[in-house]
Amino acid sequence: SLKRIATSENNNNVIKEYVKGDAAIICINNDRNWVLSTLMQELKKAAEWQEFKKANRKLYLDVLVIKQEIKATKLIKFLNQNRRIVIVITRRFLAEDDCLKSLYIIHETMKNQSKESVLIIMVDPIAWNGLPSILQSLIAEKNFIQFPIEKEHRQLIYFWEAVRNELLRRGNVFETKMQIG
């Protein structure tokens, strides 16, 4: 389970308090390397990241890798422990029933949350009519960024800038906790 405890001293008493994660990144096992080696490395390049580091604040990003069916209660708890949810969508993700089931749970859990509470990153180009209806609903209701098809330098710069803007709005030095589900 994820436990982040912030401690502070107040009148010689140590106060422990749960710290909500800044973002939870959900992906399929086959896309874990992209999340860790590409997404995380791009976030570390951001000026905002350096500001967090200089301010000695921690940015809590949790990664949930879906390898098999995940219990609804575990996923809901994971969602509730983070301010933002990032779903990395690829063709491989959409081909797995366990991942599709997780989209239904995410949709139900997050439907009354703000548009900014969920960010969908579409890594593979997939036509709208090729998307499951639950993903279409999430895209229509929440934030969505498409990885550039052409991968030209300027398009990649704009893509990563948009991702950094979405994820680094708040936060605190980088820490990744890997949860295998």
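Look a little higher up for the structure.
Scope of this entry: the structure provided in the associated data block.

Conventions adopted
Residues numbered from 1 in each chain as written. Predicted model: local features only at pLDDT ≥ 70, side-chain atom pairs only at ≥ 80, totals over all residues. Heavy atoms only, no water. Phe/Tyr/Trp six-rings, centres within 6.5 Å; stacked < 30°, edge-to-face > 60°. Helix = DSSP H or I, 4+ residues; strand = E, 2+ residues; numbered from the N terminus. Buried < 20%, exposed > 50% of the residue type's maximum accessible area, 1.4 Å probe, protein only. Pairing = 2+ DSSP bridges. Salt bridge = Lys/Arg side-chain N within 4 Å of Asp/Glu carboxyl O. Contact = heavy atoms within 4.5 Å. Disulfide = S-S within 2.5 Å.

## Topic: the packing of aromatic side chains
(1) Moving on: Across all of its chains, the model carries five aromatic pairs by this definition.
(2) Moving on: Measuring from ring centre to ring centre gives 6.2 Å for Trp34 and Phe147, while their planes differ by 85°; the resulting arrangement is edge-to-face. With a gap of 113 residues between them, Trp34 in helix α1 (residues 32-44) and Phe147 in the loop between β7 (143-146) and α7 (153-167) connect regions that are remote in the sequence. The exposure classification of Trp34 matches that of Phe147, with both residues buried.
(3) Moving on: Taking 5.9 Å as the distance between ring centres and 25° as the angle between the ring planes, the aromatic pair formed by Trp34 and Trp160 counts as stacked. A residue pair is termed long-range when its members are at least 10 positions apart, and Trp34 in helix α1 and Trp160 in helix α7 qualify at 126 residues. For the residue pair Trp34 and Trp160, the accessibility class agrees, reading buried in each case.
(4) Moving on: Each residue in the set Trp34, Phe147, Phe159 and Trp160 is aromatic and connected to the rest through ring pairs, giving one cluster.

## Some thoughts on the pairing of strand β5 (residues 85-89)
(1) Moving on: Burial analysis of β5 places five of its five residues in the buried class, the great majority of the element.
(2) Moving on: Burial along β5 is two-sided: Ile85, Ile87 and Ile89 and Val86 and Val88, pointing in opposite directions, are all buried.
(3) Moving on: Summarising the sheet, strand β3 (residues 23-28) and β5 pair through three bridges and their orientation is parallel. Counterpart to Ile26 in the pairing with β5 is Ile87.
(4) Moving on: Across five bridges, the pairing between β5 and strand β6 (residues 118-122) is parallel.

## A short note on the pattern of salt bridges
(1) Moving on: A complete count under the given rule lists five salt bridges for this structure.
(2) Moving on: The shortest N-O distance in the salt bridge between Arg83 and Asp22 comes to 2.7 Å. Of this pair, Arg83 sits in the loop between α3 (72-80) and β5 while Asp22 sits in the loop between β2 (13-18) and β3, placing them 61 residues apart in sequence.
(3) Moving on: Of the charged contacts, one joins Arg92 and Asp31 as a salt bridge, the two residues approaching to 2.3 Å between their closest N and O atoms.

## So, the environment of Val88
(1) Moving on: Locating Val88 in the fold gives a position in strand β5.
(2) Moving on: Sequence spacing of Val88 and Asp124 is 36 residues, and the spatial spacing of their C-alpha atoms is 9.6 Å.
(3) Moving on: In this view, Val88 contacts Ile25, Ile26, Cys27, Trp34, Val35, Phe93, Ile121 and Val123; residues no more than four positions away in its chain are not counted.

## Re the state of the cysteines
(1) Moving on: Overall, the coordinates contain zero disulfides when judged by the stated rule.
(2) Moving on: The cysteine Cys27 is free of any disulfide, with Cys99 supplying the nearest cysteine sulfur at 8.7 Å.
(3) Moving on: For Cys27, a relative accessible area of 0% puts it in the buried group.

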